[in-house]
Structure formats: structure tokens, C-alpha cells
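# Chains, contacts and geometry: an overview
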Amino acid sequence: MSFQLNRVELAHANGFVALHDLSLQARAGECLALIGPSGAGKTSLLSVLGTALASRSGSATVLARRSPPRRRLRAAPCAHALARCTRHLPCPADSAW
């Protein structure tokens, strides 16, 4: 997987800035390790790379595609809205896995 982040900034809804002016790139075949203390932004970085979250500034290119425009994401209850698109997956709240 290849990616390039250029001056990415991500702030959560509570105002906490998880990523600030982050620039990073990796080419296909490179191995990276993401380490750091709790709250350092590791999960936020992976969410931007996976396009689950969009940065409020900067640019992210993953697999030669620019990330989609910023959009507001909302949490959906598993048993209701999420079940519409993942009917074949069990809900952790409904089963013991």
C-alpha cells in the first residue's frame, strides 16, 4: 500500500487536535511501525488512511487516490442503521462472538 499525507490536521468533535501538520509518505512494499503512547494519534492516523475520517486541512493520497472531501460522520446504533448495510454480520451487542 502506498500513501502520502501532506500537512494533514485532524480535530475530533470535542476539539481535541489528534493530528497537527503531519506529513508522511510510504511507497508500496515499505514496512512501517506505528508506535506511541495512548492519545498520540495512532488510531486517528489510521482512520485518515482508511478514509473513515477526513482531515480538516492538508491532503491525503492513498493508493494514488485523493481522499474524499470532508464529511461529517455520525455514530449509528448497531442494531438499527448499521444493520441495513451489514445484515450478514452479527452485532457484537447481540451475541457473545
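The preceding data block contains the structure.
Residues numbered from 1 in each chain as written. Predicted model: local features only at pLDDT ≥ 70, side-chain atom pairs only at ≥ 80, totals over all residues. Heavy atoms only, no water.

## Concerning the overall build of the chain
The number of helices and strands found in the chain is 2 helices and 4 strands. Listing each helix as α and each strand as β along the chain from the N terminus yields β-β-α-β-β-α. Across the 97 residues in the chain, those meeting the buried criterion constitute 22%. Taking all contacts inside the chain whose residues are at least 6 apart in sequence as the whole, residues at least 24 apart take part in 44%. Surface accessibility of the chain: about 7,400 Å² in total, with carbon and sulfur atoms responsible for 55%. (Helix = DSSP H or I, 4+ residues; strand = E, 2+ residues; numbered from the N terminus. Buried < 20%, exposed > 50% of the residue type's maximum accessible area, 1.4 Å probe, protein only. Contact = heavy atoms within 4.5 Å. Areas by Shrake-Rupley, 256 points an atom, 1.4 Å probe, with all protein chains shown as cover.)

## Digging into the layout of surface pockets
Gaps left between atoms show up when a probe the size of a water molecule is rolled over them. There is about 360 Å³ of room inside the largest pocket. Around the largest pocket, the lining comprises 19 residues; the ones closest to its centre are F3, L24, L32, L34 and L45. Secondary-structure elements contributing two or more residues to the lining of the largest pocket are β2 (17-26) and α1 (42-49). Ranked by residue count, the leading element in the lining of the largest pocket is β2, at 5 residues. Across the lining of the largest pocket, the residue classes break down as 15 nonpolar, 2 polar and 2 charged. (1 Å grid on protein atoms, 1.4 Å probe; cavity = no way out; pocket = protein on both sides within 12 Å on 5 of 7 lines; lining within 4 Å. Points joined across faces, edges and corners; volume = space filled by probe spheres on them. Nonpolar A, V, L, I, M, F, W, Y, C, P; charged D, E, K, R; others polar.)

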